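As a plain string of letters, each chain reads:
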Amino acid sequence: EEITIEDLRVRTQQVIDREVDVVRNQLLRNHVQVLPGSARFVDPHTVKVEHPRRPPLLLSADVILIACGSRPHRPPQFDFDGGGIYDSNTFIRADCMPQSLVVVGAGPIGCELAQSFARLGSQVTQIEMLPRIMIREDEEVSAYARKALEADGVTILTGHKALRCEKRGEAR
């Protein structure tokens, strides 16, 4: 049975929903109050939390931990218009499974995407400008990850920089 991009969308949403529930339940079990909204510092020990349907709330503490997640880097030389160039958050919106795919970057998320799509049958090339993949990991971990990716058919180019992406006909 062939996996479609719609199959991936559905499964991705199921995983996200489950992980949100796991985190929410863990926080509740540990009596952590979660406050939705936007926050900003008003001084080094006070945060103002604003929500459109609630009055603003000032919170003070000796230590304030910021855990807001991350966003994909979007290099300015690429046109992220949804017509073939995506980031790790928008890729799931593609209209079909790619026959071939270039992954720019070889951190944990780039490696995960490269391996996943290689295992699903895409021809994957991964480009990393640094001398090895997963540079923040120990060299042994990086070497092991590279060997696993290559065993799954990923072509890895380290020490290379993606300069541009050009459209040729309907393909990029």
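Residues numbered from 1 in each chain as written. Predicted model: local features only at pLDDT ≥ 70, side-chain atom pairs only at ≥ 80, totals over all residues. Heavy atoms only, no water.

**Things to note about the sheet that holds strand β3 (residues 54–60)**
Reasoning step 1: The sheet built from three strands is open, its strands ordered β1-β2-β3 with antiparallel pairing. Each edge of the sheet is formed by a strand with only one pairing partner; in this case those strands are β1 (38–43) and β3. Pairs of neighbouring strands in the sheet enclose a mean axial angle of 25°, with direction left out of account.
Reasoning step 2: Relative to β3, strand β2 (residues 46–51) is paired through five bridges, and the arrangement is antiparallel. By the bridge assignment for β3, Val 49 is matched with Leu 57. (Pairing = 2+ DSSP bridges. Helix = DSSP H or I, 4+ residues; strand = E, 2+ residues; numbered from the N terminus. Axes fitted to C-alpha atoms, helices over the stretch in contact; angles between N-to-C directions.)

**Quick notes on the side chain of Asp 87**
Reasoning step 1: Within the fold, Asp 87 resides in the loop between β3 and β4 (100–104).
Reasoning step 2: The class of Asp 87 is buried, set by a relative accessible area of 10%.
Reasoning step 3: For Asp 87, the side chain forms a polar contact with the main-chain nitrogen of Thr 90, separated by 2.9 Å.
Reasoning step 4: Every residue in contact with Asp 87, bar those within four places of it in the chain, is listed here: Pro 72, Arg 74 and Phe 80. (Buried < 20%, exposed > 50% of the residue type's maximum accessible area, 1.4 Å probe, protein only. Polar contact = N/O pair within 3.5 Å; in protein donor to acceptor, adjacent residues only side chain to side chain. Contact = heavy atoms within 4.5 Å.)

**A few points about the side chain of Glu 128**
Reasoning step 1: Secondary-structure assignment places Glu 128 in strand β5 (residues 123–128).
Reasoning step 2: Arg 146 provides the closest opposite charge to the buried, unpaired Glu 128, separated from it by 9.8 Å.
Reasoning step 3: The residues touching Glu 128, leaving out its near neighbours within four places in the chain, are Gly 105, Ala 106, Gly 107, Leu 157, Thr 158, Gly 159 and His 160. (Lys, Arg positive; Asp, Glu negative; His and termini not counted. Salt bridge = Lys/Arg side-chain N within 4 Å of Asp/Glu carboxyl O.)

**Quick notes on a negative patch on the surface**
Reasoning step 1: The grouping of Glu 137, Asp 138, Glu 139 and Glu 140 at the surface amounts to a negative patch.
Reasoning step 2: Among the structural elements, Glu 140 can be located in helix α3 (residues 139–151).
Reasoning step 3: For Glu 140, a relative accessible area of 60% puts it in the exposed group. (Patch = residues over 30% accessible without salt bridge, like charges linked within 9 Å, V, L, I, M, F, W, Y side chains within 5 Å. Areas by Shrake-Rupley, 256 points an atom, 1.4 Å probe, with all protein chains shown as cover. Charge placed at Lys NZ, Arg CZ, Asp CG, Glu CD.)

**Some details on the pairing of β3**
Reasoning step 1: Little of β3 sits out of view: just zero of its seven residues are buried.
Reasoning step 2: Between β2 and β3, which follow one another and run antiparallel, lie two residues.

**Focus: the nonpolar core**
Reasoning step 1: By size, the foremost hydrophobic cluster in this structure holds 19 residues, and its most contacted members are Phe 117, Val 124, Ile 133, Leu 149 and Val 154.
Reasoning step 2: Contributions of two or more residues to this core are made by α1 (5–29), β4, α2 (108–119) and α3.
Reasoning step 3: Top element by residues in this core is α2. It accounts for four residues. (Core = buried A, V, L, I, M, F, W, Y, C linked by side-chain atoms within 4.5 Å.)

**Digging into the packing of aromatic side chains**
Reasoning step 1: Counting across every chain of the model gives two aromatic pairs.
Reasoning step 2: Plain terms: the ring middles of Tyr 86 and Phe 91 are 5.5 Å apart, the flat faces sit at 80° to each other, and that makes the pair edge-to-face.
Reasoning step 3: According to the relative accessible area criterion, Phe 91 is buried, its value standing at 13%.
Reasoning step 4: Both rings, one in Phe 91 and one in Phe 117, keep their centres 4.8 Å apart while their planes meet at 75°; by these two values the pair is edge-to-face. Residue Phe 91 is found in the loop between β3 and β4, and its partner Phe 117 is found in helix α2; the two are separated by 26 residues along the sequence.
Reasoning step 5: Taken together, the ring pairs in this structure connect Tyr 86, Phe 91 and Phe 117 into an aromatic cluster. (Phe/Tyr/Trp six-rings, centres within 6.5 Å; stacked < 30°, edge-to-face > 60°.)

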